[in-house]
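Summary of the model geometry
So you can see what is in the structure, the chains are spelled out below.
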Amino acid sequence: MNAILNGTFVISVLASTLALATPLILGALGGVVSERAGVVNIALEGIMLVAAFVCAAVGTVTGNLWPALLAGIAAGAVAGLFLALLAVTLRVDQVVAGFVINIAAAGGTSFVFRSTFANGSASPPTLAPTNIPLLSSIPVLGPIFFRQSLLVYVAVALVPLVHVYLFRTRAGLRSRAVSENPRAADVAGINVYLVRYAAVIASGAFAGLAGAYLVADVGSFSEGMTSGRGFIALAAVIFGKWRPFQATLGALLFGFFDALQSQLQIASIKAPVPVLLMIPYLATIVVLAGFIGRAIPPAADGIPYVKE
């Protein structure tokens, strides 16, 4: 108990919260962008997994992290394009299309990983923490906020940028119009299909960066390494009521409980490991079930549009 109450434990939990929440923030931003154009991206989990594998493969072959990260983002964008083809052009049920991609990603990455890496390991370079001069030396705040990896700072910076895009730009207004009343938007001269394609591809790129971060953070790839983070990111979108800042709070909430269970294991708390691993997921269920109030999505979210 003393180990839990000391300052080092608290700082470690809070610092880990940002790192663990980063892929969730990126995934949640992707989900917000997609759903604010009327397409539910259930495929976040699968896109993150595909991007993680591509990032690991390119990083292992080239020994360079930056091409690996770009490859992960590109893989996510291509997966988003495929989802847009299914959901927007072919008008496949968006939930079904998302789960098809998730299942294909889980099976496909496992098969290719075992076939390509005979020794069962992919070892791309890792992304080292970036200490911000002066700020990283501030007691308490320095270790928590200013000794993170570059992608953590990128994820945090993207939150206000996505908010400004959606709520302060003409393009964002068009996207929101498409998610609320696509027929009226079409009559006003907005290309509904183009807006939805762009949003879903961007959503895939966000999820791709999230998957690439998972690999860059640990320097390896493992089968199913996303471990449900795509679904948690989707839950954060609902928690945040389809707004970037609130969705980020949802991601940070899960990140906090994930960091807490991790640090509790390190502190050798006498509790079964499976129980500790359940903490972040149970916390997410409790929050979604009882504390967010009524969440009303955009009116045309998940509804295919047919141009007359």
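Structure's up top.
Now for a quick tour of the structure. (Residues numbered from 1 in each chain as written. Predicted model: local features only at pLDDT ≥ 70, side-chain atom pairs only at ≥ 80, totals over all residues. Heavy atoms only, no water.)

1. Points about the packing of helix H4 (residues 65-89) against helix H10 (residues 192-218)
Two elements in contact, H4 and H10, have axes whose closest approach is 6 Å; the angle formed by their N-to-C orientations is 145 degrees. Here H4 and H10 pass one another in a crossing that is right-handed. Grouping the amino acids of the contact of H4 with H10 by side-chain chemistry returns 17 nonpolar, six polar and one charged. (Axes fitted to C-alpha atoms, helices over the stretch in contact; angles between N-to-C directions. Helix = DSSP H or I, 4+ residues; strand = E, 2+ residues; numbered from the N terminus. Left-handed = near helix turned anticlockwise from the far one by under 90°. Nonpolar A, V, L, I, M, F, W, Y, C, P; charged D, E, K, R; others polar.)

2. Side note on the side chain of Arg229
Turning to its location among the elements, Arg229 is positioned in helix H11 (residues 229-239). At 3.1 Å, the side chain of Arg229 forms a polar contact with the backbone oxygen of Met225. Once residues lying within four places of it in the same chain are set aside, the contact partners of Arg229 are Pro23, Leu24, Glu45, Met48, Leu214 and Asp258. (Polar contact = N/O pair within 3.5 Å; in protein donor to acceptor, adjacent residues only side chain to side chain. Contact = heavy atoms within 4.5 Å.)

3. Considering empty space enclosed by the protein
As enumerated under the stated definition, the model contains one cavity of 30 Å³ or more in all. Within this model, the largest cavity holds a volume of roughly 70 Å³. What lines the largest cavity is a set of ten residues, and nearest its centre among them are Ala236, Phe239, Gly250, Leu253 and Thr284. Every element with two or more residues in the lining of the largest cavity is listed here: H11, helix H12 (244-266) and helix H13 (273-290). Broken down by element, the lining of the largest cavity gets its largest block of residues, four residues, from H11. (1 Å grid on protein atoms, 1.4 Å probe; cavity = no way out; pocket = protein on both sides within 12 Å on 5 of 7 lines; lining within 4 Å. Points joined across faces, edges and corners; volume = space filled by probe spheres on them.)

4. Quick look at the packing of aromatic side chains
Any aromatic ring pair is given by two values, namely how distant the centres are and how the planes are angled relative to each other. Within this structure, the stated rule accounts for seven aromatic pairs. With 5.4 Å between their ring centres and 70 degrees between their planes, Phe53 and Phe221 make a pair best called edge-to-face. Taken together, the residues span a long stretch of sequence, with Phe53 in helix H3 (residues 44-62) and Phe221 in the loop between H10 and H11 at a distance of 168 residues. Overall, Phe53 belongs to the buried group, its relative accessible area being 11%. The exposure class of Phe221 is buried, given its relative accessible area of 5%. Between Phe256 and Phe257, the aromatic rings sit 5.3 Å apart at their centres with planes inclined by 75 degrees, giving edge-to-face as the arrangement. Judged by its relative accessible area of 30%, Phe256 is partly exposed. Taken together, Phe53, Phe113 and Phe221 form an aromatic cluster joined through their ring pairs. (Phe/Tyr/Trp six-rings, centres within 6.5 Å; stacked < 30°, edge-to-face > 60°. Buried < 20%, exposed > 50% of the residue type's maximum accessible area, 1.4 Å probe, protein only.)

5. A few points about the nonpolar core
Across soluble globular proteins, you tend to see nonpolar side chains buried next to one another. Core analysis: the largest hydrophobic core is formed by 76 residues, its most contacted members being Ile25, Leu29, Leu69, Val215, Phe221 and Met225. Counting residues per element, the ones that place at least two in this core are helix H2 (7-35), H3, H4, helix H5 (94-116), helix H7 (150-168), H10, H11 and H12. Apart from the residues within four sequence positions on either side, Phe221 is in contact with Leu49, Ala52, Phe53, Ala56, Thr109, Phe113, Ala122 and Val215. Phe9, Val13, Leu260 and Leu264 belong to the second-largest nonpolar core, a separate cluster that totals six residues. (Core = buried A, V, L, I, M, F, W, Y, C linked by side-chain atoms within 4.5 Å.)

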